[in-house]
Amino acid sequence: MSTVSKSQNPEADPRVKAVFDDIRTTRKSDFINNMWLYLAFDPDLLEKTWGEVKAVMATPSALDPVVKEMLYIAVSVTNGCSYCAHSHTAAAKAKGMTTEQHADLMRVIALAGKTNQLAVALQLPVDAAFDADAEPR
């Protein structure tokens, strides 16, 4: 259950309508998902959040769009965000993530979770070789 109520007519606010129109144009879809529908309770937060998402996820960069979505899945799983894990898994599949890639991703997430927990439990010191500021040897 949500902590805010979804507006019955969010696009009555011109700022919300502008963001929703940009989402539709950017994604080439009429679907506005719940993240944006519920964020519409605060047009300023909606605008800023969409702007960041668009800049990182929808703008061509050094990372392939499927890789970006797979990274988003991994972080969402780590943070326990079921909504984001579902939405970005769907996005990754829509952008071409294969069943094999999804399975590999699950193995990497599981392994990273385990080894991260071991490193934290052991309170391991960081190797000097991994320090970007260290003098080259």
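Located above this text is the structure these notes cover.
Scope of this entry: the structure provided in the associated data block. Keep in mind the model is a prediction, meaning the values are calculated, not measured.

Cut-offs used in this document
Residues numbered from 1 in each chain as written. Predicted model: local features only at pLDDT ≥ 70, side-chain atom pairs only at ≥ 80, totals over all residues. Heavy atoms only, no water. Helix = DSSP H or I, 4+ residues; strand = E, 2+ residues; numbered from the N terminus. Buried < 20%, exposed > 50% of the residue type's maximum accessible area, 1.4 Å probe, protein only. Core = buried A, V, L, I, M, F, W, Y, C linked by side-chain atoms within 4.5 Å. Salt bridge = Lys/Arg side-chain N within 4 Å of Asp/Glu carboxyl O.

### Concerning the side chain of Thr 89
Here Thr 89 shows up in helix H5 (residues 82–94). The buried category is assigned to Thr 89, whose relative accessible area is 14%.

### Looking at the nonpolar core
Counting residues in each nonpolar core, the largest one holds 13 residues, and the members touching the most others are Val 19, Phe 20, Ile 23, Ile 32, Trp 36, Leu 46 and Trp 50. Looking at this core, the elements with two or more residues in it are helix H1 (14–27), helix H2 (34–39) and helix H3 (43–57). By size, the runner-up hydrophobic cluster in this structure holds eight residues, among which are Ala 74, Ala 92, Leu 105 and Ile 109.

### Quick word on the pattern of salt bridges
Evaluated as defined, the whole model comprises nine salt bridges. Of the charged contacts, one joins Asp 44 and Lys 48 as a salt bridge, the two residues approaching to 3.1 Å between their closest N and O atoms. Remark: Lys 48 and Asp 44 occur in helix H3; sequence separation between them is four residues, near one turn of the helix. Judged by its relative accessible area of 33%, Asp 44 is partly exposed. Of the charged contacts in the structure, one is a salt bridge between Lys 95 and Glu 69, with a shortest N-O distance of 2.9 Å. You can see Lys 95 sitting in the loop between H5 and helix H6 (99–122) and its partner Glu 69 sitting in helix H4 (residues 65–79), a full 26 residues away along the chain. Residue Glu 69 is classed as buried on the basis of its relative accessible area, which comes to 4%. Each member of the salt-bridge network shares a partner with another, and the members are Glu 11, Lys 17, Asp 21 and Arg 24.

### What about unusual backbone geometry?
Glycine aside, the phi torsion of most residues is negative, and most peptide linkages are trans. One non-glycine residue, Lys 28, lies in the positive phi region at around 55°. By relative accessible area, which is 74% here, Lys 28 ends up exposed. Phi at Gln 123 takes a positive value of approximately 50°, unusual for a residue other than glycine. One can find Gln 123 in the segment after H6. The class of Gln 123 is exposed, set by a relative accessible area of 60%.

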